[in-house]
Amino acid sequence: MKKALLAALLLSAAPLFADGRTYTITDDGKNYATFQSEATLETINGTTTKISGTITADPANAGASTTTIIVDLSALDTHIAMRNEHMRSEKFLNTEKFPTATFKTVSVTGAKSVAPNQPVELQLTGDFTLHGVTKRITVPAHVVLIPESDLTKSSRGPGDWIHGTVTFPIKLTDYSIAVPEKLVMKLSNDVNVKVDFFAVAK
């Protein structure tokens, strides 16, 4: 019964989610990337809504999907101007030379297929580039395919959507980033990253 229901959902969604459709992550101020560092003296959070990228997805073959996510590091905001300036400087992120962080998948595992409005958990393996250093990592992703409706058109805009959330830890020293020791920018070497985004196919 469950298999029959899944098949029916996929068939009914065929016009909406055709094989290999490309979804674009929209720069509408609603998507965001955050980092959190729990240092000895304080917890520091930084956020940016400057995210772009594309997803090519086939709901009947989730493993064939590809994703590219680009985060504008020069737009990260920690809510303290002096700390932002230090964070972007050549002593830390050096955003003038390395303005973005990118993640490009090479494989997707987990659910074999994805039905509309049915959240799934996937494992994305890909190349993560930060501060000019690229490392292959595997990260968990929470993904939902959302067909166009009156609600989505009024809240997000026209088109069919993918909502994705990716979270993963990194070590700054793995990406040749020195851990700041000054109080204005006291960070832990261990940083938690989260990217929450919507991508649209019109």
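Residues numbered from 1 in each chain as written. Predicted model: local features only at pLDDT ≥ 70, side-chain atom pairs only at ≥ 80, totals over all residues. Heavy atoms only, no water.

1. Observations concerning the overall build of the chain
- Each helix and strand counted, the chain has three helices and 10 strands in total.
- Helices and strands in the chain line up, N terminus first, as α-β-β-β-β-β-α-β-β-β-α-β-β.
- Out of the 202 residues in the chain, the part that is buried amounts to 45%.
- Sequence-distant contacts, at least 24 apart, represent 62% of the contacts inside the chain between residues at least 6 apart.
- Accessible area for the chain stands at about 10500 Å²; split by element, carbon and sulfur atoms hold 56% of it. (Helix = DSSP H or I, 4+ residues; strand = E, 2+ residues; numbered from the N terminus. Buried < 20%, exposed > 50% of the residue type's maximum accessible area, 1.4 Å probe, protein only. Contact = heavy atoms within 4.5 Å. Areas by Shrake-Rupley, 256 points an atom, 1.4 Å probe, with all protein chains shown as cover.)

2. Observations concerning helix H2 (residues 81-88)
- Among all positions in H2, only Arg83, Asn84, His86 and Met87 are buried. Projected down its long axis, H2 carries its buried residues within an arc of 165°, all on one side. Seen from the buried face of H2, the exposed residues on the opposite side, beyond 90 degrees, are Ala81, Met82 and Glu85.
- Packed against the buried residues of H2 are strand S2 (32-38) and strand S3 (43-48). (Arc of directions from axis to C-beta.)

3. Description of the packing of aromatic side chains
- Inspection of the entire model under this criterion finds three aromatic pairs.
- With a centroid separation of 6.3 Å and 75° between ring planes, the pair formed by Trp161 and Phe198 is classed as edge-to-face. Taken as a pair, Trp161 in strand S9 (residues 160-171) and Phe198 in strand S10 (residues 190-201) lie far apart in primary sequence, 37 residues in all.
- Owing to a relative accessible area of 3%, Trp161 belongs among the buried residues under this scheme.
- Taking the relative accessible area as the measure of exposure, Phe198 reaches 14% and is therefore buried.
- Across from the ring centre of Trp161, 5.4 Å away, lies the NZ or CZ of Arg156, which sits over that ring.
- Over the aromatic face of Phe198 sits the side chain of Arg156, whose NZ or CZ is 3.8 Å from the ring centroid. (Phe/Tyr/Trp six-rings, centres within 6.5 Å; stacked < 30°, edge-to-face > 60°. Lys NZ or Arg CZ within 6 Å of the ring centre and 35° of its normal.)

4. Brief notes about the pairing of strand S6 (residues 100-110)
- Across five bridges, the pairing between strand S5 (residues 66-72) and S6 is antiparallel. Bridge pairing in S6 places Ile69 opposite Phe103.
- Pairing geometry for S6 and strand S7 (residues 120-130), over eight bridges, is antiparallel. The residue of S7 that forms the bridge with Gly110 is Leu122. (Pairing = 2+ DSSP bridges.)

5. Quick notes on unusual backbone geometry
- The phi dihedral of Asn94 is positive, around 50°, even though this residue is not glycine.
- In this structure, His131 is a non-glycine residue whose phi angle is positive, near 55°.
- Within the secondary structure, His131 sits in the loop between S7 and strand S8 (133-146).
- On the accessibility criterion, His131 (14% relative accessible area) is buried.

6. Here we look at the confidence of the model for the chain
- For the chain, the mean per-residue pLDDT works out to 87, and 88% of the residues sit at or above 70.
- Every residue in residues 1-18 scores below 50 in pLDDT, and together they form 23 contacts with partners more than four places removed in sequence or on other chains. (pLDDT = per-residue confidence, 0-100.)

7. Things to note about the environment of Leu41
- Structurally, Leu41 can be placed in the loop between S2 and S3.
- On the accessibility criterion, Leu41 (63% relative accessible area) is exposed.
- Spatially, the C-alpha atoms of Leu41 and Lys186 are 7.7 Å apart, while their sequence positions differ by 145 residues.

8. Some remarks on the pattern of salt bridges
- Scanning the entire structure with this criterion turns up six salt bridges.
- Put simply, Asp27 and Lys50 hold a salt bridge, and the shortest N to O gap is 3.9 Å. Linking Asp27 in the loop between strand S1 (21-25) and S2 with Lys50 in the loop between S3 and strand S4 (51-57), this pair joins segments that are 23 residues apart in sequence.
- Between Asp28 and Arg156 there is a salt bridge, and its shortest N-O distance comes to 3.3 Å. Here Asp28 is found in the loop between S1 and S2, whereas its partner Arg156 is found in the loop between helix H3 (150-155) and S9, with 128 residues between them in sequence.
- The class of Asp28 is partly exposed, set by a relative accessible area of 32%. (Salt bridge = Lys/Arg side-chain N within 4 Å of Asp/Glu carboxyl O.)

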